[in-house]
Amino acid sequence: MVGNLILVLGDQLSPVLSSLKAGDKHSDVVLLAEVATEASYVKHHKKKIAFLFSAMRHFAEELREDGWTVEYVRLDDPQNTGSLGAEVARFSERWNPARVIVTEAGEWRLQEEMRRWSDALGRPVDVLPDDRFLSSREEFAAWADGRKQLRMEYFYREMRRKTGLLMEGDKPAGGKWNYDAENRKPAAGDLFMPKPFRTNPDEITRQVLDLVYLEFADHFGDLEPFWFAVTRADADAAFENFVAQALPRFGDFQDAMLTGQRFLYHAVVSHYLNAGLLDPLAVCRRVERAYLDGDVPLNAAEGFIRQIIGWREYARGIYWLKMPDYAGSNFFSATRPLPDFYWTGKTDMACLAAAIGQTREEAYAHHIQRLMVTGNFAMLAGIDPHQVHEWYLAVYADAYEWVEMPNTVGMSQFADGGLLGSKPYAASGNYINKMSDYCGNCCFDVKQKTGDGACPFNSLYWHFLDRNREKLDGNPRLGPVYRTWDRMTADKQQAYRESADAFLDALS
Ligand code: FAD
Ligand code: DLZ
Ligand code: SF4
């Protein structure tokens, strides 16, 4: 008999994890398990599975070196039962622990499952809060309580005060809380382009790549080249590389998109943060230091810190506040199936081909590609938001429901009817043309509004607003847009309707 059995999940690879802090390395046993249920509840991108399995194996080594007894179950272990619950039961039999300890899961479905483990095992299961987040679920619920609107901006200010990040006494550094208005410059191809830090696969990663190649051949995405960091040390190096090379211009070009430039000035660290290889508060403190040392401008530092202590925490808060109903949100009653080209990348629309193509190759696209290209198209075309959600959950290396679902269902599809955003992120081809160079390489003409050869986003945009008018008319931020529509001649309106209908018919 040992003290306790501590289950560490694949996205809990942090030495400061609450379950490890509650344990004792001299008497407890840690369990990590690669299991079929977690690897295929959606068909995760091959790179996402390889990243997590390799990072899990490296973390198990790190724990052993630190003196822990670790049980590690590989996916192809003949004894592997294929699910976390059954693996916990198997190792409970083997070690007969007094209790099972686990840090709460990031997804509702697994958290619910864990609630049943204690009865099934006949021993106590302690599910501890995940204190790697700045705001606990209870704190977020208390902040949300009684508010009519849950605006990220106000929550973010609370987090700035709580952490003291970029604060001068009780005032925000530079006098403003938010410098987003300065962060909307389009980029040009001749700018210096930083590259994310890349690692070469070591022996452990090589073995994982062979396994994923064999076991997950039917999953989306390219497995190689595989260059993600899989250890804390390399994730730190990746972050330092970002701070030195990309952070100074992160703010300016945050919304830009360029053909062939997949990463621009983005950090490419969300998969490290979400798996526990990087600590969110530590990266924010590092960015604050770069600003205080004069190495990066305030709009860059504030923009980055806002994404982490603002959006990231806020998304998680919304998820736990609203689950499980949130998953079924469908404000526009959209039912069209997800087009096949989301999986193949085969479409004549250059913006979508670029975003989906790089998603297939890298398991990465940056925020504006996710929001204003693939997300915007899905909403304008009336795709079922649940199918859109499942796509995002599968294809990105950083995707877990707690962060993916509010971003997809709420921010990008407006399927929650405006809980998260004050208006739908709907845009015509004009926005994509302004923020990218995609349109120059496209078969469609972004300046042409209707008819053969016109950019499909142009007619879909008005079709979306027109067909959902009853639901959106009361939105004050859309008043000017509807006035523009109303000023159009009936013929012009009809031309938009017919163009969009023809496109959507062909899509079906
Ligand atoms: P950067 O642009 O360099 O930003 C720095 C960090 O800020 C990110 O690493 C991330 O941790 C955080 N961040 C930035 N924006 C957001 C946001 N909106 N919500 C939460 N954190 C944010 N992010 C995920 O981590 N997982 C997801 O599954 C996910 N799904 C998304 C789905 C949709 C439809 C949209 C519109 C956004 C989604 N995001 C998701 C948010 C964002 O797109 C990614 O965090 C970002 O692209 C990751 O790349 P990066 O590390 O280069 O980020
Ligand atoms: C995403 C994922 C995958 C692909 N595989 C595993 C696994 O084999 N074992 C494991 O413990 N966790 C895995 N994960 C992460 C879990 O799905 C994640 O912990 C839950 O979705 C909760 O966020
Ligand atoms: Fe995308 Fe339209 Fe531009 Fe083509 S013309 S790249 S479809 S926005």
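Each value, and the rule that gives it
Per chain, the residues get numbers from 1 upward, laid out in the order the sequence is written. To read the labels, note that chains go from A and ligands from 1, taken in the order they are written. In view of the model being predicted, local features appear only for residues whose pLDDT reaches at least 70, and side-chain atom pairs are presented and counted only at 80 or more, with totals across whole chains, interfaces and linings using the full set of residues. Excluding hydrogens and water, the side-chain values take into account all heavy atoms of the structure. An automatic or database domain assignment is the source of the domain bounds shown. Pairs of residues are marked as contacts when any of their non-hydrogen atoms sit within 4.5 Å. By convention, the term buried area covers the 1.4 Å-probe accessible surface removed from two parts as they join, with the contributions of both added. A pairing counts as a salt bridge when a side-chain nitrogen of Lys or Arg comes within 4 Å of a carboxyl oxygen of Asp or Glu. Here a polar contact is taken to be a pair of N or O atoms separated by no more than 3.5 Å, where protein atoms must pair a possible hydrogen donor with a possible acceptor and residues adjacent in sequence count only if both atoms sit in side chains. Helix and strand assignments follow DSSP, with helices taken as H or I runs no shorter than four residues and strands as E runs no shorter than two, numbered in order from the N terminus. Residues are grouped as follows: Ala, Val, Leu, Ile, Met, Phe, Trp, Tyr, Cys and Pro are nonpolar; Asp, Glu, Lys and Arg are charged; every other residue, Gly included, is polar. Each residue is tested against the molecule or strand, and it is near if at least one of its non-hydrogen atoms lies within 4 Å. To be clear on the numbers: accessible area is Shrake-Rupley with a 1.4 Å probe, and residue cover counts the displayed protein chains and nothing else.

(A) Expanded view of the domain arrangement of the chain. Domain boundaries assigned for the chain yield domain 1 (4–128), domain 2 (137–194 + 246–322) and domain 3 (341–507). The distance between the C-alpha centroids of domain 1 and domain 2 comes to 31 Å. Facing the 14 residues of domain 1 at the interface are ten residues of domain 2. Between domain 1 and domain 2, the buried area comes to about 830 Å², and carbon and sulfur atoms account for 57% of it. Seen at the junction of domain 1 and domain 2, the total is two salt bridges. Between domain 1 and domain 2 we count five residue pairs in polar contact (both at pLDDT 80 or more) in total. If you list the elements that add at least two residues to the side of domain 1 that touches domain 2, you get helix 3 (46–65) and helix 5 (108–115). Sort the elements by how many residues they give to the side of domain 1 that touches domain 2 and helix 3 lands first, with three residues. Residues of the side of domain 1 that touches domain 2, tallied by class, amount to six nonpolar, five polar and three charged.

(B) Examining the site of ligand 2 more closely. In the vicinity of ligand 2 there are 19 residues, among which Gly10, Asp11, Ala33, Val35 and Glu38 approach most closely. Gly106 has a polar backbone atom sitting 3.4 Å from an oxygen atom of ligand 2. A distance of 3.2 Å separates an oxygen atom of ligand 2 from a polar atom in the side chain of Glu107. Surface burial for ligand 2 is 100%, taken as the share of its 490 Å² of free accessible area covered by protein chains. Within the residue set of the shell around ligand 2, elements represented by two or more residues are helix 2 (36–40), helix 3 and helix 5.

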